[in-house]
Amino acid sequence: AAYPNTLFTSAGTITANLDNATITGIGTDFQNEINGFAPGDLVKIYPAIFPENYQVAVVNSVTSATELVLDDVVTWPEFVNNGFIFYKIIINIG
């Protein structure tokens, strides 16, 4: 498969800025115990219209239901000020 397996897609609209590690959401619930994110989660982000242009990062912190910080800055210009897809990645070992 071209893309890693994913656990779920984040609800809402997500935006980011180039060379910034903060992800901002509208209508998101990053702190949800079941479908939220936690430090150490591996995530994949990409614009819906350019699924081949994705970035994989680790969640560094979740500061609110609408904001989290990655361990690395956003590097794809297509992510800047656009809604994009945000997935938690499952890694199957064994």
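See the structure shown above.
So, how was this worked out
Residues numbered from 1 in each chain as written. Predicted model: local features only at pLDDT ≥ 70, side-chain atom pairs only at ≥ 80, totals over all residues. Heavy atoms only, no water. Helix = DSSP H or I, 4+ residues; strand = E, 2+ residues; numbered from the N terminus. Buried < 20%, exposed > 50% of the residue type's maximum accessible area, 1.4 Å probe, protein only. Contact = heavy atoms within 4.5 Å. Polar contact = N/O pair within 3.5 Å; in protein donor to acceptor, adjacent residues only side chain to side chain. Pairing = 2+ DSSP bridges.

## Here's the deal with the overall build of the protein chain
Looking only at helices and strands, the protein chain has zero helices and seven strands in total. Traced from its N-terminal end to its C-terminal end, the protein chain shows the element sequence β-β-β-β-β-β-β. By residue count, 34% of the 94 residues in the protein chain fall in the buried class. Taking the intrachain contacts of the protein chain between residues at least 6 apart in sequence as the baseline, contacts between residues at least 24 apart amount to 63%.

## A closer look at the side chain of Asp41
Looking at the element boundaries, Asp41 is found in the loop between strand S3 (22–26) and strand S4 (42–46). At 2.8 Å, the side chain of Asp41 and the backbone nitrogen of Ala38 are in polar contact. Those residues in contact with Asp41 that sit more than four places away from it in its chain are Gly36, Ala57, Val58, Val59 and Lys88.

## Remarks on the pairing of S4
Across the five residues that make up S4, a large majority, four, are buried. Across four bridges, the pairing between S4 and strand S5 (residues 55–64) is antiparallel. Opposite Val43, over in S5, you have Ala57 as the bridge partner.

## A short note on the environment of Asp19
Here Asp19 is to be found in the loop between strand S2 (13–16) and S3. A residue is classified by how much of its surface remains accessible, and Asp19, at 57% relative accessible area, is exposed. Measuring from C-alpha to C-alpha, the distance between Asp19 and Val74 comes to 5.3 Å, with 55 residues separating the pair along the chain. If sequence neighbours within four positions are ignored, Asp19 has contacts with Val73 and Val74.

## Side note on the pairing of S5
Sheet topology note: the S5/strand S6 (residues 67–70) ladder contains four bridges and is antiparallel. Directly across from Val62, in S6, lies its bridge partner Leu68. Hairpin connection from S5 to S6: two residues lie between these consecutive antiparallel strands.

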